[in-house]
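Observations on the three-dimensional arrangement
Here is how the chains run, residue by residue.
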Amino acid sequence: MSIERITKKEFSDMVRVAAHRLEKNAKFVNSLNVFPVPDGDTGTNMSLTIQSGFKSVNESEAATVGGLGKALAKGLLMGARGNSGVITSQIFRGFSKSIESKDDLTADDLAKAFDDGVKTAYKAVMKPVEGTILTVAKYGANAAVEATKTSDDIAVIMKAALDGAKEGLAKTPSLLPVLKEVNVVDSGGQGLVFIYEGFLEALTGETTAESDEYTPNEGEMDEMVNATHHQSVQGQFTNEDIKNGYCTEMMVELGQDPTSDETFDNDKMRDYLSTIGDSLIVVSDDEVVKVHVHTNYPRKVWEEGRKFGSLSKVKIDNMRIQHETIVDKDEVVPAPAEKKPAGPIDYAVIAVSTGDGLAKLYESLGVTNIISGGQTMNPSTNDIVDAINAANAKRALILPNNGNIIMAAKQAAGLVDIPVAIVPSKTIFQGMTAMLSFNPDADLDENEANMEDSLDTVKSGQITQAIRDTSIDGLEITKGHYMGIVDGKIQVDNADIVVATEQMLDKMIDEDSEVITIIIGQDGNQKDAQAVSDYLDEKYEDLETEIHQGDQPVYPYLVAVE
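Conventions and cut-offs
- Residues numbered from 1 in each chain as written.
- Predicted model: local features only at pLDDT ≥ 70, side-chain atom pairs only at ≥ 80, totals over all residues.
- Heavy atoms only, no water.
- Helix = DSSP H or I, 4+ residues; strand = E, 2+ residues; numbered from the N terminus.
- Buried < 20%, exposed > 50% of the residue type's maximum accessible area, 1.4 Å probe, protein only.
- Contact = heavy atoms within 4.5 Å.
- Pairing = 2+ DSSP bridges.
- Axes fitted to C-alpha atoms, helices over the stretch in contact; angles between N-to-C directions.
- Patch = residues over 30% accessible without salt bridge, like charges linked within 9 Å, V, L, I, M, F, W, Y side chains within 5 Å.
- Areas by Shrake-Rupley, 256 points an atom, 1.4 Å probe, with all protein chains shown as cover.
- Salt bridge = Lys/Arg side-chain N within 4 Å of Asp/Glu carboxyl O.
- Lys, Arg positive; Asp, Glu negative; His and termini not counted.
- Charge placed at Lys NZ, Arg CZ, Asp CG, Glu CD.
- Expected span 1.5 Å × (residues − 1).
- Phe/Tyr/Trp six-rings, centres within 6.5 Å; stacked < 30°, edge-to-face > 60°.
- Lys NZ or Arg CZ within 6 Å of the ring centre and 35° of its normal.
- Parallel < 35°, antiparallel > 145°, perpendicular 65-115°, else oblique.
- Left-handed = near helix turned anticlockwise from the far one by under 90°.
- Nonpolar A, V, L, I, M, F, W, Y, C, P; charged D, E, K, R; others polar.
- Right-handed = clockwise from strand over helix to strand, strands pointing away.
- pLDDT = per-residue confidence, 0-100.
- Core = buried A, V, L, I, M, F, W, Y, C linked by side-chain atoms within 4.5 Å.

1. Quick notes on the overall build of the protein chain
Each helix and strand counted, the protein chain has 21 helices and 16 strands in total. Counting over 562 residues, the protein chain shows a buried share of 54%. If you take every contact in the protein chain between residues at least 6 apart in sequence, the share linking residues at least 24 apart comes to 72%.

2. A word on the sheet that holds strand β9 (residues 459-465)
The 6 strands lie next to each other as β13-β12-β9-β16-β14-β15, forming an open sheet whose pairing is mixed. This sheet does not close on itself; its edge strands, each paired only once, are β13 (489-494) and β15 (544-549). Averaged over all neighbouring strand pairs, the angle between strand axes comes to 20°, with direction disregarded. Here strand β14 (residues 515-520) pairs with strand β16 (residues 557-561) via 5 bridges, running antiparallel. When the bridges of β16 are listed, Ile519 appears paired with Leu558. Contacts from helix α18 (residues 428-435) reach β9, β14 and β16 within the one sheet, and its direction differs from that of β16 by about 45°. Contacting β14, β15 and β16, helix α21 (residues 526-539) crosses the sheet at an angle of about 170° to β15.

3. Describing the sheet that holds strand β6 (residues 369-372)
Pairing is parallel across the open sheet formed by 4 strands, whose spatial order is β6-β5-β7-β8. Strands with a single pairing partner mark the edges of an open sheet, and in this sheet they are β6 and β8 (420-422). Going across the sheet, the axis of each strand differs from the next one's by a mean of 20°, ignoring polarity. The pairing of strand β7 (residues 393-399) with β8 spans 3 bridges and is parallel. Counted as the bridge partner of Leu397 is Ala421 from β8. Helix α15 (residues 356-364) contacts β5 (345-353), β6 and β7 of the sheet and is inclined by roughly 150° relative to β5. Where helix α16 (residues 381-391) meets the sheet, its contacts fall on β5, β6, β7 and β8, and the angle it forms with β5 comes to roughly 150°.

4. A look at unusual backbone geometry
We note that Asp487 has phi near 45°; this positive angle belongs to a residue other than glycine. One can find Asp487 in the loop between β12 (482-486) and β13. Residue classification places Asp487 among the partly exposed residues on the basis of a relative accessible area of 47%. Phi at Val554 is positive, roughly 70°, even though this residue is not glycine. The class of Val554 is partly exposed, set by a relative accessible area of 31%.

5. Points about a negative patch on the surface
Residues Glu452, Asp453, Asp456 and Asp487 make up a contiguous surface patch of negative charge. Structurally, Asp453 is set in helix α19 (residues 444-453).

6. Description of helix α4 (residues 65-79)
With 15 residues, α4 should reach 21 Å at 1.5 Å per residue; the first-to-last C-alpha distance of 21 Å fits that figure. Here α4 lies mainly inside the structure; 11 of its 15 residues are buried. Looking at α4, one finds that the buried residues are Val65, Gly66, Leu68, Gly69, Ala71, Leu72, Ala73, Gly75, Leu76, Leu77 and Gly79.

7. Considering the packing of aromatic side chains
Considering all chains together, one arrives at 9 aromatic pairs under this definition. An aromatic cluster is present here, built from Phe11, Phe92, Phe95, Phe114, Tyr196 and Phe199 joined pairwise through their rings. Stacked on the ring of Tyr297, the Lys or Arg Lys300 has its end atom at 4.6 Å from the ring centre.

8. Some words on the pattern of salt bridges
Enumeration over the complete set of coordinates arrives at 23 salt bridges. In this structure, Glu303 engages Arg299 in a salt bridge whose closest nitrogen and oxygen atoms are separated by 3.3 Å. Of this pair, Glu303 and Arg299 both sit in helix α13 (residues 298-306), 4 residues apart, which is roughly one turn of that helix. Note that Glu304 is salt-bridged to Lys307, the shortest N-O span being 3.2 Å. One connected set of salt bridges, linked through shared partners, spans Arg21, Lys166, Glu197 and Glu201.

9. A word on the packing of α16 against helix α17 (residues 406-413)
Their axes nearest at 8 Å, the elements α16 and α17 cross at an angle of 50°. Considered as vectors, α16 and α17 are oriented oblique to each other. Classified by chirality, the crossing of α17 by α16 is right-handed. On α17, the residues that touch Thr381, Ile384, Val385 and Ile388 of α16 are Ala408, Ala409, Gln411 and Ala412. Looking at side-chain class alone, the contact of α16 with α17 contains 6 nonpolar, 2 polar and no charged residues.

10. Concerning the pairing of β6
Taken together, the 4 bridges between β5 and β6 define a ladder with parallel strand orientation. Its bridge partner lying in β6, Val352 is registered against Ile371. Once you follow β5 into α15 and on to β6, the crossover reads as right-handed.

11. Let's talk about the confidence of the model for the protein chain
Per-residue pLDDT for the protein chain averages 83, and the proportion of residues at 70 or more is 85%. Taken element by element, the protein chain is modelled with least confidence in helix α11 (residues 218-230), mean pLDDT 39, and with most confidence in helix α7 (residues 133-147), mean pLDDT 96. Residue range residues 217-239 is modelled with pLDDT below 50. Its contacts to residues more than four positions away, or to other chains, number 45 contacts. Below pLDDT 50 for its whole length, residues 322-341 participates in 22 contacts with residues either more than four positions away or in separate chains.

12. Focus: the nonpolar core
In this structure, Phe92, Phe114, Ile195 and Tyr196 are the most contacted members of the largest nonpolar core, which totals 72 residues. Beyond its immediate chain neighbours, meaning those up to four positions away, Phe92 contacts Leu72, Ala73, Leu76, Leu192, Ile195, Tyr196 and Phe199. Counting 44 residues, the second largest nonpolar core, distinct from the first, contains Val289, Val293, Leu311 and Leu358.

Below, the structure written as structure tokens:
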């Protein structure tokens with residue numbers, strides 16, 4: 001039976017089934033990740049991106065397919081994660097722009113939308129690389145356009161787009177040496193193929209709720225085996241190969257309290273960011289800009305964004321540490337190599353914290369050494385001296401992260417043979433914020449000044465339990481109740497830990513607040529943290545909330561407002 005038009009219902013079904021199919025097969029797509037320091041698992045990133053798009057479509061009250069296309073593009077842009085997610089969002093940004101005036105779609109409309117999507121995606125990437133999702137999208141679009149010369153059946157056009165995408169996917173190893181080396185196809189391209197398969201299934205009605213998890217054929221099984229045997233290309237690279245060490249992402253809400261009167265221009269921002277990084281993507285619509293870049297200067301990236309509006313969904317990953325983690329997980333036994341004495345590193349950045357989760361968070365930001373300690377466990381001067389010496393560095397920065405440790409850190413700095421600067425961070429979050437201003441290419445004094453200047457940009461909150469009855473600053477404290485401490489001052493007393501956290505946050509949040517971070521301690525739990533997050537979502541709709549596991553003692557929850 002021929003399909004002549006795609007209506008609102010068919011379009012919504014296409015997005016729904018595509019999201020479902022990709023979610024079911026995210027692990028398979030993840031297995032194909034082979035690039036040096038991937039920004040994240042491609043399958044997971046793409047799945048979360050398309051789910052965000054479907055959520056937007058599902059909630060839309062648009063009366064036309066063009067309206068739903070606009071909702072899809074907006075949802076994908078806001079939910080895009082990693083390179084693959086951002087490029088996917090751009091494919092469908094161009095797609096939606098092509099159909100924005102359409103009540104429903106013909107075969108010609110569909111083919112043209114695929115073609116326009118490809119053009120938009122190629123333009124969005126600073127240096128398009130063949131052998132990636134871009135190639136797969138291009139082959140699919142070309143095949144769809146060609147099919148319209150002989151058919152006006154939408155099912156035929158969609159099948160042609162899928163077959164073309166599969167053809168492009170099969171060619172990716174021959175176009176990208178790193179794929180050919182480990183004999184796998186491009187993971188992002190495979191994700192797009194699953195999306196197109198979902199589209200076709202929705203159109204033809206050949207969908208089943210339980211049987212859509214992908215079973216690789218013999219050739220694809222070989223690809224997965226090759227990927228497993230080779231583990232990843234990570235092991236073939238060294239940290240010296242990573243020129244720009246921080247994977248930096250941000251979303252800019254255009255016009256929201258900008259720091260400059262300059263008019264936003266996508267190309268100008270892309271040109272500037274290209275001078276301080278690579279792997280750059282800058283995409284925008286009338287309301288938001290989304291940026292992904294690998295750089296050594298994340299602070300400069302965010303400063304550029306703030307010129308045009310407020311920042312949301314900011315993210316930074318230390319790719320050198322990601323690389324080391326990936327290589328450590330590889331089970332390939334390396335050939336014996338002659339060991340050479342390691343020379344001193346240029347910079348040691350030493351932070352005081354306790355809890356495995358906090359240590360991992362700090363390491364992801366570029367901290368090289370952790371001193372276990374903090375509230376009730378203040379490290380001694382000697383502990384800090386030992387840490388500085390053990391770091392084997394030419395110079396060191398210390399993040400005490402507690403007012404009671406600053407003096408010991410200053411004493412330690414005078415007892416070692418290398419230059420040491422103390423950034424007087426008094427909380428865990430001040431230390432993390434300071435790390436965002438760290439520049440490995442700057443001298444010690446410049447880093448000290450920039451990092452110290454950033455300390456006041458974050459508000460820090462702590463939840464802990466009172467051990468006795470008392471009264472402080474006019475606030476009655478009851479033993480066993482939970483106290484909310486904001487930047488060293490007790491602001492809240494409540495018997496319920498969730499309510500105490502919510503009340504504390506109410507006191508911390510103001511009109512300039514954009515991002516809330518909750519770190520769960522040993523005595524906290526995900527359920528309560530999520531309850532607080534849900535409360536924030538309901539009361540403050542423009543705030544972004546992140547939850548991390550910190551494993552810190554004493555404080556069930558640490559909270560930051562930025």
